[in-house]
Amino acid sequence: MPDDLYQRYMRAYQDADKHTRGCAACQSAKPCPTGKPLHRRFASLQDAWNERLRQQRR
């Protein structure tokens, strides 16, 4: 069974990346109102994924 956390993390990356490529505000490190939640979700899921990896290495 595929890992749901990893799938959500990769989807969040794709969503944030797609938006950023077409948004000048987000490219300048000042996320627009649409991009801000996309970037926040990606960062949150990335943190969760990295924490899971740290836990598995112990």
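Residues numbered from 1 in each chain as written. Predicted model: local features only at pLDDT ≥ 70, side-chain atom pairs only at ≥ 80, totals over all residues. Heavy atoms only, no water.

Some words on the nonpolar core
If you look at the biggest cluster of nonpolar residues, it comprises 7 residues: L5, Y9, A12, A16, F42, L45 and W49. Looking at this core, the elements with two or more residues in it are α1 (4-21) and α3 (35-57). The element that contributes the greatest number of residues to this core is α1, accounting for 4 residues. Those residues in contact with W49, other than ones at most four positions away along the chain, are D3, L5, Y6 and Y9. (Core = buried A, V, L, I, M, F, W, Y, C linked by side-chain atoms within 4.5 Å. Buried < 20%, exposed > 50% of the residue type's maximum accessible area, 1.4 Å probe, protein only. Helix = DSSP H or I, 4+ residues; strand = E, 2+ residues; numbered from the N terminus. Contact = heavy atoms within 4.5 Å.)

Comments concerning the pattern of salt bridges
As enumerated under the stated definition, the model contains 5 salt bridges in all. Put simply, E51 and R54 hold a salt bridge, and the shortest N to O gap is 3.2 Å. Placement of the pair is E51 and R54 together in helix α3, with a separation of 3 residues, close to one helical turn. With relative accessibility at 32%, the residue E51 sits in the partly exposed group. (Salt bridge = Lys/Arg side-chain N within 4 Å of Asp/Glu carboxyl O.)

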